Every structure is written in C-alpha cells, then in structure tokens.
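# Examining the three-dimensional arrangement
Residue strings, one per chain:
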Protein chains: 2
Amino acid sequence: MTATDRIYTAGLVVIGDEILSGRTHDKNIAQVASWLQVQGIRLSEVRVVPDILERIVEAVNALREGNDYLFTTGGIGPTHDDITVDAVAAALGVGVVIHPAARAVLEKYYADKGGVNEGRLRMARVPEGADLIPNRMSGAPGIKIGNIHMMAGVPHIAAQMLDALTGTLEGGAPLLSETIGGYIPESEVSSLLREVEQAHEDCQIGSYPFFREGRVGANFVIRSTDADALQSCLYTLCEGLAENGWDFTPGGI
Amino acid sequence: MTATDRIYTAGLVVIGDEILSGRTHDKNIAQVASWLQVQGIRLSEVRVVPDILERIVEAVNALREGNDYLFTTGGIGPTHDDITVDAVAAALGVGVVIHPAARAVLEKYYADKGGVNEGRLRMARVPEGADLIPNRMSGAPGIKIGNIHMMAGVPHIAAQMLDALTGTLEGGAPLLSETIGGYIPESEVSSLLREVEQAHEDCQIGSYPFFREGRVGANFVIRSTDADALQSCLYTLCEGLAENGWDFTPGGI
C-alpha cells in the first residue's frame, strides 16, 4: 500500500433530541458525507444521540478513537440543552473556557443587536485548547480541537463551517463512483452483480432498488479509488446487462 | 415509579454504504422515530454503519442489549451487499435458514414474474427461529427475532412493515409534546427556558432555531409523558415570553 492508498476515515455524532423524536429530519448526515467524499475521507459511522452529557461523551470517545477525524453536529447554541462543548471537554479531560476570539466575534455581531448577554456568551465557550471554525452566516463559530470538529445543527450553518474547512484536512484518494440504472428488478441480476464485483477486487457495487409509478428498478453504483478499475468494472457490468437484454441508463435513473 | 411510568426504549441500526456516501438521504430515522413515539417507545440511539458484517454485528449487539427493542433498516434485499440477516444471525449465535412461509410468499408473488430464482430466494433467508413481518407492498417480508425487527431500507416498504407492527409492541405512556415558536432569537430567552424547565421536572424543553427570509427565530418544544405537567410548563413558558414582550405562535412556526 503506497501513501496515496491510505484510507482516511471520519465518524459523525449527530446530537439532538429533535432528531430522535422524529420532529426534525436530519440533513447533516448526507451533507457531511458528501463533503467528506470530496476531501478523500470516508464516513465510517454515524451515531445519533440525545442531549444527555454521558451519552454524547460515550459516542465521541467511541468514534474519535477509531477514525482519523470526528465531526459533531448540534448542541453548540446558546440554550440550556446545548451541551456539546461540555461533553467534548469531558471526553478529552480538559476544562471549558471562553475563547477570546469567539467572544470578540460575538461582540461585533451583536453590537447593534443589544450586545452580548449570558446566553449569547455561551456560544464563546470552548474546550480548553480549541480553535475556531469560521462561520460567515452568524456570529457563532464552529470549534476544532485535535481531530474533533464541532459544527452547528442548523444545516445551512453547518454548511458554512464545512466550507471553511474545505481543503484543510489531509485525505486520501477520493472515492470515485459511476452509476447506471434501469427498470431492472435487482433480484434478476443479483448473480451478475456478485460476479462482476468479484472480478474487480478494487471495486464495490451497491444496488439501490426503487419503486416508481408501479414499476420496480434499481440503480447500481460502482465505487473505487482507482479510476481505471472503475471504468473496467463499469464496462463489464454494462456488457453483462446488455447480454441479458436489459436496458439501462448511464448516470442512473 | 408505577408500571405505566416505565420508559421503553429502542435502538435503530441503519445499514448501508449509500447513506454513508451521501448518495441516499436517509428517511428511515425520522419515520421510525415518529412511529415509535406513537407506540410509547423512545428512540434512544441510532447508528449508521456500512455493509460490513462485523460492523453490523457490533452495532446490533451494542444497541439490542441496552434497549427494549432494536430496529434495523436496509440490507434485506436479494443482492450480494444485503447481509443484515447474516449479521443478526451472527450477533445472536444462530444459523441462517430458509423460512418456509417467506418462500411461499415469494413463490406466490413471483408466480407470474418468472418464479423464484437464486436472488429472490435470498429474501426468504432468516436467522433460525425468526418470524416474519408482513409487507403488503412487495413479496419480501420483514423479519422479527426476539427484540430485533429487521426492515427494508426503501422507506415506503419500511413504512408497510411498521404499519404491520403497529400496536403489537408493549410501550409506556406516549411522550406528549407542545410547541410554540416565534421570531425570537434563542439567545435572548436562554435564561427563561432554563428556569422554566428547572421548575417543571417532568418536562424537557428543546429549542430549535431557524433562519428564514433573513430573520432569526426558534421553536420551543416541551415534552413530557404527563399531560398536566406539560400544560403547566407550556403556560409558564408562554407567560414568561409575554412578560418579556415576545410574540409567539401556538403550534410553532
């Protein structure tokens, strides 16, 4: 395995009772996953946990140790149920301090909005030793300490923080993918998929069935970090589908 | 604590590379969470793991032991990447068998569609000792063994399986909720929220900020299994917001 073959992985802890109650539909899993792909980092596991300190600490410790990076979303706002900073500090065994630059950002942002009160100042609290992740959208920054990146729960604020991190994390070769799809029942081609995957050991094939307008079909996604292997696998799969009389669409349907 | 005070919990394992790659936006977390609320069961944790046997086994074992129920979504289809049945069987230390009733369902469903081939028969494989969860939508049933419920990854098929399970699981008092919201920056009312929650120990208050059309606001969700405590907490919060001059909308905005 050469240096560029190294696979970089990340874990994600999504924090919030609102996700576990079904009230809020999470959008951060897909957003963080897609962003990581472009950075050459693979999302290896997600845990969604409630606003309970010990549960957040447990998930943070479990996922930060097995991965190159850990991301969290949620729980960094100004209210009493925002306890992610406390949980990460507890997981790392460090204290919580007011970050002077975060305080300055908040003071500037709220200068004409009534100034910094107790609630707003909560958003300047960080684990001791942490740096800030800029956020152009609102006053409150994200927080970075070691391999842990704490981001907002509101998806478009989290997006700003990801944008600020783009290109700053060391990753490996990005995972490439090709998709083809058709009104093909996956149970009709399961042997073909298995054979093609086995013949291309650097590739994985995922099969994603759908039901649309009363018809069954599937998209087949081939993934590899090796562009040549990917094209070879795609060619073999297309050939196999054509030989069996299936119509398919490049790019998926 | 009386019998009705007992809190029932469930874990959910979402299985699939397509979620971790960002290609597919998960809809099952919110769907299962909302359904569980109505059954009087609280979703306590979600883990999203890749199509790797050991990783599924690990997540299944972690969440089935700490909860009354475990649900899985994904990986019960006919293709080579569908390994949830194998993983659950491995977690429980039992073998995998063809379920005769599942085979019969599939034979009937595929009678005029070319019959049951090798791929389709994969969908009749179950951990030894399992029962089926009916699915009116397609031939493939869900699977139930002990406190584990294996469901499809396609959201509207999972919905059929949840529907078949409605009312069959023992739960506690359902978690009730009331929501109020307004164009109120949550940092302005963080002390109020904390005080009101502390004064109502049977209630939790969640604060969910939003940014819409250039304005900041938040919805405040009060949750309790005690209807009287919930109304009392709601009243106190509304009173506190009104005293501070905030406009708010019952039901949230």
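Since this is a predicted model, take the numbers as computed values, not measurements. (Residues numbered from 1 in each chain as written. Chains lettered and ligands numbered in written order. Predicted model: local features only at pLDDT ≥ 70, side-chain atom pairs only at ≥ 80, totals over all residues.)

## Some remarks on the overall build of chain A
A count of helical and extended segments in chain A gives nine helices and 12 strands. The dimensions of chain A, computed from C-alpha atoms along their principal axes, are 70 × 45 × 35 Å. The contacts of chain A with a sequence gap of at least 6 include a subset with a gap of at least 24, amounting to 69%. (Helix = DSSP H or I, 4+ residues; strand = E, 2+ residues; numbered from the N terminus. Contact = placed C-beta atoms within 7 Å.)

## Looking at helix α4 (residues 84–92) of chain B
Regarding α4(B), the residues found buried are B:Thr84, B:Val85, B:Ala87, B:Val88, B:Ala89 and B:Ala91. B:Gly93 occupies a position one or two residues after α4(B) and carries a positive phi of about 70 degrees. (Buried ≥ 20, exposed ≤ 12 C-beta atoms within 10 Å, placed from the backbone.)

## Description of the sheet that holds strand β9 (residues 176–182) of chain A
Residues and elements named next belong to chain A. One open sheet accounts for four strands, arranged β10-β11-β9-β12; its pairing is antiparallel. A single partner strand is all that each edge strand has here, and the edge strands are β10 (204–212) and β12 (249–250). In terms of strand pairing, β9 meets strand β11 (residues 215–224) through seven bridges, oriented antiparallel. Within β11, the residue paired with Gly181 across the bridge is Asn219. Helix α8 (residues 190–199) rests against β10 and β11 of the sheet, and its axis sits at about 155 degrees to β10. (Pairing = 2+ DSSP bridges. Axes fitted to C-alpha atoms, helices over the stretch in contact; angles between N-to-C directions.)

## So, the relation of the copies chain A and chain B
When chain A is fitted to chain B, the residual RMSD is 0.0 Å, and the transformation amounts to a turn of 180 degrees plus an axial shift of 0.0 Å. One copy is carried onto the other by what is essentially a two-fold rotation axis. Closest to the rotation axis within chain A is the C-alpha of A:Arg47, separated from it by 2.2 Å. Comparing contact sets, 100% of the residues at the interface of chain A also lie at the interface in chain B, consistent with an isologous, same-surface contact. (Least-squares fit on C-alpha atoms with pLDDT ≥ 70 in both.)

## With respect to the environment of A:Ala124
Residue and element names in this part refer to chain A. Within the secondary structure layout, Ala124 lies in the loop between α6 (118–122) and β5 (125–127). For the pair Ala124 and Leu20, spaced 104 residues apart in the sequence, the C-alpha separation amounts to 27 Å. The residues touching Ala124, leaving out its near neighbours within four places in the chain, are Ile98, His99, Ala102, Arg103 and Leu106.

## Here's the deal with the domain arrangement of chain A
Note: interface size is frequently given as the accessible area lost on complex formation between the parts. What the domain assignment reports for chain A is domain 1 (3–165) and domain 2 (176–250). For domain 1 of chain A and domain 2 of chain A, the distance between their C-alpha centres works out to 37 Å. (Domains from an automatic or database assignment.)

## Overview of unusual backbone geometry
Residues other than glycine predominantly adopt negative phi, and peptide bonds predominantly adopt the trans conformation. Unlike most non-glycine residues, A:Glu213 shows phi in positive territory, near 50 degrees. Residue classification places A:Glu213 among the exposed positions, given that 5 C-beta atoms sit within 10 Å.

## Considering the interface of chain A and chain B
Contact residues are listed per partner, giving 49 residues for chain A and 49 residues for chain B. Of all the elements in the fold, those that place two or more residues in the side of chain A that touches chain B are α1 (17–20), α2 (28–38), β2 (41–49), α6, α8 and β10 of chain A. Here the element with the most residues in the side of chain A that touches chain B is β2(A); it accounts for seven residues. Here β2(A) pairs with strand β2 (residues 41–49) of chain B via three bridges, running antiparallel. For A:Val48, the partnering residue across the bridge sits in β2(B) and is B:Val46.

## What about helix α8 (residues 190–199) of chain B?
Given 3.6 residues per helical turn, the α-helix brings residues three or four places apart onto the same face. Looking only at α8(B), the buried set comprises B:Ser190, B:Leu192, B:Leu193, B:Val196 and B:Glu197. Each buried residue of α8(B) sits inside an arc of 160 degrees when the element is viewed along its axis, so together they form one side. Exposed side chains of α8(B) directed beyond 90 degrees from the buried face belong to B:Gln198 and B:Ala199. Where the residues of α8(B) are buried, they touch α6 of chain A together with β10 (204–212), β11 (215–224) and α9 (227–243) of chain B. (Arc of directions from axis to C-beta.)

## Considerations on the confidence of the model for chain A
With 98% of its residues at a pLDDT of 70 or more, chain A shows a mean pLDDT of 92. Among the prediction metrics, the complex's ipTM stands at 0.85, with pTM recorded as 0.86. (pLDDT = per-residue confidence, 0-100.)

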